[in-house]
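Reading the structure
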Amino acid sequence: MERIKHRVTHYWSHRAEGFEVQRLREYDSEKRERWIAEFRRYLPHDKPLRILDAGTGTGFFACLLAAEGHEATGIDLTPDMIDHAEHMAAVLGLDVRFQLMDAEEPEFEPESFDVLVTRNLTWTLPHIEKAYREWYKLLKPGGILINFDADYSAALDDEEEHELPANHAHKLVPDYMQAENESITMEIGAYHQPRPQWDVQLLVEAGFERVTVDMGVYKRIYAEIDEFFNPTPIFTIVAYK
């Protein structure tokens, strides 16, 4: 399992610089307000919250939520991603704390956060059930987990073909890296069961009192095929402690 984590880290180290550039463009696009609207479906509006962005990448969600007045912390397993997240926050003039950390083994005190958010992370975790248990511990009573993800390994077999624009990230990744990403996806997917049904089961077993799934988020966020378009339908899983 540590070997697959090393492969994931190595892969995203090579993607970090281009990933920051794209996330900055996404931050300045209409997608920013769409993501904010998704968070507003679940977050209380009357107070600033302590929020952890697990698998922050270059810090898109952490920056987005810090700009909304929340105290945001981002963690990632890839050092290059943390470096670019810090740079992104500096470019945007935002105060966000970033730390190099394994999302399956977060090094925070129990009940440190009101909210834990994550985007396109859990599909990369070989021990997803462990992560959910650890995240439950990190949340305060009444805390919320908001997970945007997709069943990427299943999608490799039956993903609908889309004509992507020339500036789409998938068009800019060399063939050998695309092949590595698919190999990683299939290897980790072998440890996973169908999602998001499996996630609901694991979250209940981890202790969460209520779990909801929203399959409509995909069409709200990715209403058009542009450089940010995700060819794999994402879902939102929201779990309440």
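Placed above this text is the structure.
Structure report, in brief. Each chain carries its own residue numbering, running from 1 in the written order of its sequence. Local features in a predicted model are, by the rule used here, given only for residues with pLDDT of at least 70; side-chain atom pairs are given and counted only at 80 or more, and totals for whole chains, interfaces and linings are based on all residues. With hydrogens and water excluded, all non-hydrogen atoms of the structure serve as input to the side-chain values.

1. Concerning the overall build of the chain
Looking only at helices and strands, one finds 10 helices and seven strands in the chain. Radius of gyration (C-alpha) of the chain: 17 Å, near the 18 Å computed for a compact globule of 241 residues. For the C-alpha atoms alone, the extent of the chain along its principal axes is close to 45 × 40 × 35 Å. When accessible area is computed with a 1.4 Å probe and restricted to protein chains, residues below 20% of their type maximum are described as buried, those above 50% as exposed, and intermediate ones as partly exposed. In the chain, which comprises 241 residues, the share counted as buried stands at 56%. Counting contacts in the chain only where the partners sit at least 6 residues apart, residues at least 24 apart contribute 77% of the total. The method behind every accessible area is Shrake-Rupley, applied with a 1.4 Å probe, and residues are considered shielded solely by the protein chains displayed. Carbon together with sulfur atoms contributes 50% to the accessible area of the chain, which is approximately 11,100 Å² in total. Strands here are runs of E lasting at least two residues and helices are runs of H or I lasting at least four, both read from the DSSP assignment and numbered beginning at the N terminus. Each radius of gyration is computed over the set of C-alpha atoms, and the globule rule expresses the reference value as 2.2 Å times the number of residues to the power 0.38. Should any heavy atoms of two residues lie within 4.5 Å, those residues are counted as being in contact.

2. What to know about helix H9 (residues 197-206)
Along H9, the residues classified as buried are Trp 198, Asp 199, Leu 202, Leu 203 and Ala 206. Projected down its long axis, H9 carries its buried residues within an arc of 130 degrees, all on one side. Turned more than 90 degrees away from the buried face of H9 sit Gln 197 and Glu 205, all of them exposed. In this fold, the buried residues of H9 make contact with helix H5 (128-138), strand S5 (139-149), strand S6 (210-214) and strand S7 (235-240). Residue Gly 207 follows H9 closely and has a positive phi angle near 120 degrees. Along the arc lie the directions from the helix axis toward the C-beta atoms.

3. Remarks on helix H2 (residues 31-40)
Residues of H2 that are buried: Lys 31, Trp 35, Ile 36, Glu 38 and Phe 39. Considered in projection along H2, the buried side chains sweep an arc of 155 degrees and stay on one side of the axis. Buried-residue contacts for H2 involve helix H1 (2-27), helix H3 (60-67), strand S4 (113-119), S5 and helix H10 (217-221).

4. A word on the side chain of Thr 118
Topologically, Thr 118 is positioned in strand S4. Judged by its relative accessible area of 0%, Thr 118 falls in the buried class. Setting aside chain neighbours within four positions, we find Thr 118 in contact with Asp 53, Ala 54, Phe 61, Trp 135, Ile 146, Asn 147 and Phe 148.

5. A short note on unusual backbone geometry
Going from Arg 195 to Pro 196, the amide bond is cis rather than trans, its omega being 10 degrees. Following the sequence through the fold, Pro 196 ends up in the loop between helix H8 (175-189) and H9. The backbone phi angle of Glu 111 is positive, close to 60 degrees, even though this residue is not glycine. Along the chain, Glu 111 turns up in the loop between strand S3 (97-100) and S4.

6. As for the environment of Ala 62
Looking at the element boundaries, Ala 62 is found in helix H3. Linking Ala 62 and Thr 122, residues 60 residues apart in sequence, is a C-alpha distance of 17 Å. Not counting residues within four places of it along the chain, the set of residues in contact with Ala 62 comprises Asp 53, Thr 56, Ala 72, Val 96 and Phe 98.

7. Considering the sheet that holds S6
Pairing between two strands is assigned when DSSP locates at least 2 bridges connecting them. Pairing in this open sheet of seven strands is mixed, and the strands run S3-S2-S1-S4-S5-S7-S6 from one edge to the other. The open sheet terminates on both sides in strands that have one partner only, identified here as S3 and S6. Sheet twist, expressed as the mean angle between neighbouring strand axes with direction ignored, is 15 degrees. Here strand S2 (residues 71-76) runs beside S3; their pairing, made up of four bridges, is parallel. Within S3, the position partnered with Ile 75 by the bridge is Gln 99. To get an axis, fit a line to the C-alpha atoms, keeping to the stretch in contact for a helix; angles then go from 0 to 180 degrees between the N-to-C directions.

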